[in-house]
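A closer look at the structure
The residues making up each chain are set out below.
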Amino acid sequence: MGLTVLVTGAAGQVGSELLRAFAGHRVLGTTVDVAEREEVDAAVLSVRPDRIVHAAAWTDVDGCEGDVDRAFRTNALGTRHVVEAARRVGAHVVYLSTDYVFDGESDRPYAEWDEPRPPSVYGRSKLAGERELHPGDTVVRTSWVAGRHGRNFVKTMLRLAGEGQDPVPVVADQLGSPTMAADLAAGVARLTVEARPGVYHVTNQGTATWYELACAVFEAAGQNPGRVKAIATADLDPPRPAPRPRMSVLDNAALRLSGLPLLPDFRPSLQALVRELRG
């Protein structure tokens, strides 16, 4: 029999895909509130996993800006609880983190060894979670995730396309690495099984602005991408409470330099996701 893997945040868009990504291994999911230390202990001790993929987080970027304590209680202290419980059973921890740990002011993609400087509460709380891990554990940073489960940008664009809103304003001055949850889960599973320590950036290949991604969603849905209107972040009405990184592209340098497989280009995976979401 293979490894026993416990996935926190199992109902989320990445967690739900992780439950399907570990072929040949025993995978269990939990939706326990990681901010509750006793609940985390009970969940981990009842399973005694070999690996824990910690996908649970409060990912409402603007919500975090308005409730700092909740952000740090879930994303930082919650990670401390998971790591503490993992040590009790000898489990290796893989923590899902974010491009928001960077300030987005770079003129090139961010590598794993670049210095984090998060300007938002969400980014600071996720970086604090990274710092709760032990040196032998794994951090996986990703960005612009979309999948079949939960709320995400792709689903929002499909809804607006179906509602006939015209035009659909989307910011064109933020650049990122769109990442499909199923592809991400496969990459995380590989690192988890091998218990690769350190920080890894794991995203689909290819880059886009939010505007370009919206146009790609419209096109994949058979809609006219000309309905999407490019705007500047400064023109958002109302403005977003949390600052957004201008540059969110993550260089998958640790994967590439280690000779590990990179995720595929995001475009075919996006088209497949759109087809599935449209039924």
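Reading the values: the criteria
Residues numbered from 1 in each chain as written. Predicted model: local features only at pLDDT ≥ 70, side-chain atom pairs only at ≥ 80, totals over all residues. Heavy atoms only, no water. Axes fitted to C-alpha atoms, helices over the stretch in contact; angles between N-to-C directions. Helix = DSSP H or I, 4+ residues; strand = E, 2+ residues; numbered from the N terminus. Parallel < 35°, antiparallel > 145°, perpendicular 65-115°, else oblique. Left-handed = near helix turned anticlockwise from the far one by under 90°. Contact = heavy atoms within 4.5 Å. Nonpolar A, V, L, I, M, F, W, Y, C, P; charged D, E, K, R; others polar. Pairing = 2+ DSSP bridges.

1. Some remarks on the packing of helix α8 (residues 210-220) against helix α10 (residues 266-277)
- Following both chains from N to C, one finds α8 and α10 inclined at 50°, their axes separated by 9 Å at the closest point. As the angle between them shows, α8 and α10 are arranged oblique. α10 is crossed by α8, and the crossing has right-handed handedness. For the pair α8 and α10, the contacting residues are Leu213, Ala216, Val217 and Ala220 in the first and Phe266, Leu270, Gln271 and Val274 in the second.
- When grouped by side-chain class, the residues that make up the contact of α8 with α10 number seven nonpolar, one polar and no charged.

2. Details of the sheet that holds strand β10 (residues 198-201)
- Pairing is parallel in the open sheet, where six strands are placed in the order β2-β1-β3-β4-β5-β10. The open sheet has two edge strands with one neighbour each: β2 (26-30) and β10. Strand-to-strand, the axes of this sheet are offset by a mean angle of 20°, without reference to chain direction.
- Of the pairings in the sheet, the one linking strand β3 (residues 51-54) to strand β4 (residues 92-98) comprises four bridges and is parallel in character. Looking at β4, one finds that His54 is bridged to Tyr95.
- Those strands touched by helix α5 (residues 121-130) are β4 and β5 (138-142), and its axis lies near 160° from that of β4.

3. What about unusual backbone geometry?
- A cis geometry characterises the amide bond from Asp237 onward to Pro238, with omega recorded as 0°.
- As for its position among the elements, Pro238 is in the loop between β12 (228-231) and α9 (253-257).
- Here the phi dihedral of Arg48 falls at roughly 50°; this positive angle occurs in a residue that is not glycine.
- In this fold, Arg48 is placed in the loop between α2 (37-47) and β3.

In short, shape yes, function no, at least from these values alone.
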